[in-house]
Structures are given as structure tokens and as C-alpha cells.
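Fold and geometry: a report
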Amino acid sequence: MFSAKLCRIKGFSSSPLLFLKSFKRVLPSLSHGQCTNTHEAECKSKAQKQVCKTVLKHFDAQYSEELGEQWRSARDVLLNPLSWQYGVLLNRFSDLTNLKQDLAELGYTNLFPQTHPESHSQTTPIHLQCFIHRDPVRIPTQIHHPGWLKQYYLLNAASLLPVLSLNVKEGEHVLDLCAAPGGKSLAVLQTATPGLLHCNEVDQHRHDWLLKTLESYVPPAQQHLLSVTHLDGRSIGSMRPGAYDKVLVDAPCSNDRSWLYTPDTHQGEMWLKERTQLPLLQKELLCSALAAVRPGGVVVYSTCTMSRAENQSVVEAVLASYQGVELLELEQHLIDSLSDHFCFAHFHPSVGQLVIPQKGKTWGPMYVSRLRRIY
């Protein structure tokens, strides 16, 4: 019975409501990483992903030094994929009739409670609607169908922090320098209607993936706002200097969650060698972004690794070599509003914020730093 319901959930077409209601009946068995008998094989497959011991040994040495006691808890989360939580980002361009109610009945809550119209709060309201669950459950991914807009996008909720830090306003010209697979570009479109959203991706496969994402979530009436290119992000700053109000650099990085489950030792060793080359690429991408943003504009740099060499050190090196740039701290009200759900690392916030996975707060890793071009 359970397997039949799950297959139906995974195979839905245009409306997930019936399947969400079916999912609600089996949700308790999925909480806290528990499996029903008929779902046991699928859970075991996920739980038994092979950890690359070479990568884990490298992480243990590096992160014990860089993160101290916080690494122990982060390590426990990374080694237990069944504990990972997933956020549900709603698509404002789709028909969301009853969807929020169904998510609430499943036990989901909005990560960003909506500001009441009569509220006198001085903080900027957050228009994103991302629903999270206290347990590591995951509703099915919707299938792409030409001509139909998906209602939600599944993601690690910490990946919304760079978009929130960008704080896009109506009519602004925005560049997403390394945009694939498209989740952050989609999130930008949920926060405001930019005058232009330039989504760039250099890798051909990921560029195709980006196009499919945008087609699945953005209506034809909004397509004129988009420009999708297949360029080396390091060249865009010189090609289009000062053309953008905001630039997001979600840089290629040594994705801790993925690299830990490298399929074989040889591949893990190769990736660790490549890891030493990443900071140079990241610096070049960040410099290109600073050239592409107008004076007074903001650049947000982000990665999904906890590595200091790819995070703080990259930002510090660019600041030391690039004239006319200043660091901006993340808005404190944003940090405060997310502190109940995200675990932030203990280092000086002026060089950015790092979200570390912890038990009960498995979002992350996600590093974010904000810079402003002065002239």
C-alpha cells in the first residue's frame, strides 16, 4: 500500500494536492529517518551511500582545526543523509490553490512568517515563501511538463540566504553569474520583479539544466525579463562593466555533502587535488562580478562548503587586491529571524556568515559574504 502511494506521488502530473494528502497519511513513518517495511529498501539505499574515507579523513583534519567543536556535530549530520531536511520554495507564478493548507496539514511551517499589513515593523518584509518541516521528510519532486508551471522547488533552505542578502528591488538589473541549476535565480524572481535577470552558466550540461528549470517555473509573460547565456563568468565583468545593480556569485566549490560521497577513492583523491585550485577560480569570478556591478551596487559571494580557503580567504584576498570595494555585514534582523532554524559558525561576521549543519538544524553548509563597489 505504501509503495503504491509513493509511486503515485512521484508520478503526479499537473496537480500534487491529491498526492500531498496521500503523503500526509504516510508522513509519520518517514519522520526522524524511520522507514516503513515497504519503503525500507529505498531508505536503506539512501542511508548506505558510501562515504569516501579519503575525503572524510581530509575533512576531519581541516574542519577540526577551522571549526573546532562545531565540526563534530556537523560531521554527524553529513554522515547521516536520512537526517537532512528539505525546504519547499513556492512558485508565485503557479496556481497555489490549497497548497499552503496542505503543506500545513503535513506539518510544514513557513520559514519566513509573512508580515501582517497592519504591522509597524521597520524591517524589510520577506516575500519568499519557503516551507520547512522539523523532521527530515521530503515531498516528491514535480515532473517537468511543457506548458505547465511547477508549484514548488525543493532545496536546502540555507541556499536562500545569498538571495536574501542580495535584497533585490523592483526593476533592478541582476546577474546570477553561476546560475545552474537555477534555484537561486528562481528565488530572486520570487522576491521581486527585476528589470533584467541575467542567468549565466559556463558548463553545457548545467546550462541545459538551467534552461529547463526556468521553463518549468517562469511564465511566458515574464520571459522577457530573463537573459540566459553560456559564458565564462570570468569574462563578463570586462564584457559588461558596471551593467548591473546586483550580482550573485554562487561560486563552484568543493560541495561538502557531495564530495563526502565520492564513488571511489581515486575520484576522491582527484577532487581533493582539484580543491586546491578552486580559490583561484573563485577569486577571478568575484573580481569579474565586482567589475560587472555599477558603483554603489552590491555583490554577494556564496559557496556550499565550510572551507575557509574557499570562503573567508577568497573574500579577504579580493578585498586586498581590488580597489574601491567595502564589506557589508548581513542585516542583523535577517540573522536573528533565521537563528532558530540555522546554526551560524562562530567567527567574526565582517568576513561573512557560515551556516553549519547541526542536529535538528541540518541546513547548510552555506557561506555568504556581501560586498559593495564604492567607485
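Residues numbered from 1 in each chain as written. Predicted model: local features only at pLDDT ≥ 70, side-chain atom pairs only at ≥ 80, totals over all residues. Heavy atoms only, no water.

**Here's the deal with the overall build of the chain**
Within the chain, the regular secondary structure consists of 15 helices and twelve strands. Looking at the chain as a whole, 53% of its 375 residues qualify as buried. In the chain, once contacts between residues fewer than 6 apart in sequence are set aside, the share between residues at least 24 apart is 75%. About 16800 Å² of surface is accessible on the chain, with carbon and sulfur atoms providing 53% of the total. (Helix = DSSP H or I, 4+ residues; strand = E, 2+ residues; numbered from the N terminus. Buried < 20%, exposed > 50% of the residue type's maximum accessible area, 1.4 Å probe, protein only. Contact = heavy atoms within 4.5 Å. Areas by Shrake-Rupley, 256 points an atom, 1.4 Å probe, with all protein chains shown as cover.)

**Notes on the UniProt feature "binding site: S-adenosyl-L-methionine" (unreviewed entry) in the chain**
In the numbering adopted here, UniProt assigns the feature "binding site: S-adenosyl-L-methionine" (unreviewed entry) to C178, A179, A180, P181, G182, G183, K184, E201, D232 and D250. With respect to the helices and strands, the residue A180 is situated in the loop between β5 (173-176) and α8 (183-191). Take A180: its relative accessible area is 5%, and that puts it in the buried class. Once you skip the residues sitting within four places of it in the chain, A180 turns out to touch E201, R206 and L210. Topologically, D232 is positioned in the loop between β7 (226-229) and α10 (233-239). Note on D232: relative accessible area 32%, which makes it partly exposed. Engagement of the side chain of D232 in a polar contact is seen with the side chain of R234, the distance being 2.9 Å. (UniProt positions renumbered as here; feature names shortened; annotations may be inferred. Polar contact = N/O pair within 3.5 Å; in protein donor to acceptor, adjacent residues only side chain to side chain.)

**Some remarks on the packing of aromatic side chains**
Evaluated as defined, the whole model comprises seven aromatic pairs. Summarising the aromatic geometry, the rings of Y153 and Y217 are spaced 5.6 Å apart at their centres and angled 70° between planes, so their arrangement reads as edge-to-face. Remark: Y217 occurs in helix α9 (residues 204-217) and Y153 occurs in strand β4 (residues 152-155); sequence separation between them is 64 residues. The pair formed by Y153 and Y217 is uniform in burial state, with each residue classed as buried. Measuring from ring centre to ring centre gives 6.4 Å for F342 and F344, while their planes differ by 65°; the resulting arrangement is edge-to-face. The two residues F342 and F344 agree in class, both being buried. Three or more aromatic residues link up through ring pairs in this structure, and these residues are F59, Y63 and W71. A cation sits over an aromatic face here: R138 above Y86, 4.4 Å from the ring centre. (Phe/Tyr/Trp six-rings, centres within 6.5 Å; stacked < 30°, edge-to-face > 60°. Lys NZ or Arg CZ within 6 Å of the ring centre and 35° of its normal.)

**Some remarks on unusual backbone geometry**
Excluding glycine, residues mostly carry a negative phi; peptide bonds, for their part, are mostly trans. The amide bond that connects A180 to the next residue, P181, takes the cis arrangement and shows omega of 5°. Following the sequence through the fold, P181 ends up in the loop between β5 and α8. Along the chain, G364 connects to P365 via a cis peptide bond; the corresponding omega equals 0°. For P365, the position within the fold is in the loop between β11 (353-355) and β12 (366-373). The backbone of N98 sits at a positive phi, close to 70°, despite the residue not being glycine. Examined against the element boundaries, N98 turns out to sit in the loop between β1 (87-90) and α6 (99-105). Note on N98: relative accessible area 44%, which makes it partly exposed.

**Brief notes about the pairing of β4**
Here β4 shows no split at all, with Y152 and L154 on one side and Y153 and L155 on the other all buried. Of the pairings in the sheet, the one linking β1 to β4 comprises four bridges and is antiparallel in character. Residue pairing across strands places L90 opposite Y152, the latter belonging to β4. (Pairing = 2+ DSSP bridges.)

**Here's the deal with the confidence of the model for the chain**
Here the chain shows a mean pLDDT of 87. Residues at 70 or above account for 83%. In the predicted structure, residues 28-44 sits below a pLDDT of 50 and forms 26 contacts with residues beyond four places in sequence or in another chain. (pLDDT = per-residue confidence, 0-100.)

**Thoughts on the nonpolar core**
Ranked by internal contacts, the top residues of the largest apolar core, which has 47 residues, are L89, C130 and F342. If we skip the residues at most four places from it in the chain, C130 touches G87, V88, L89, T109, N110, L111, F112, L155, A157 and L160. If you look at the next biggest cluster of nonpolar residues, it comprises 43 residues, including V247, A251, Y301 and V314. (Core = buried A, V, L, I, M, F, W, Y, C linked by side-chain atoms within 4.5 Å.)

**A closer look at the packing of helix α4 (residues 53-67) against helix α5 (residues 69-78)**
Two elements in contact, α4 and α5, have axes whose closest approach is 7 Å; the angle formed by their N-to-C orientations is 140°. Contacts from L56, F59, D60, Y63, S64 and L67 in α4 reach E69, Q70, W71 and R75 in α5. A class-by-class count of the residues in the contact of α4 with α5 yields five nonpolar, two polar and three charged. (Axes fitted to C-alpha atoms, helices over the stretch in contact; angles between N-to-C directions. Nonpolar A, V, L, I, M, F, W, Y, C, P; charged D, E, K, R; others polar.)

**A closer look at helix α14 (residues 312-321)**
Turn by turn, an α-helix covers 3.6 residues, leaving residues three or four places apart pointing in a common direction. Residues of α14 that are buried: Q312, V314, V315 and V318. Viewed end-on, α14 has its buried residues packed into an arc of 165°, placing them on one side of the element. Residues of α14 that are exposed and point over 90 degrees away from its buried face: A320 and S321. (Arc of directions from axis to C-beta.)

**Examining the pattern of salt bridges**
What the rule picks out here adds up to twelve salt bridges. D135 is paired through a salt bridge with R134; the nearest N and O atoms lie 3.2 Å apart. Classification of D135 by relative accessible area gives buried; the value is 4%. (Salt bridge = Lys/Arg side-chain N within 4 Å of Asp/Glu carboxyl O.)

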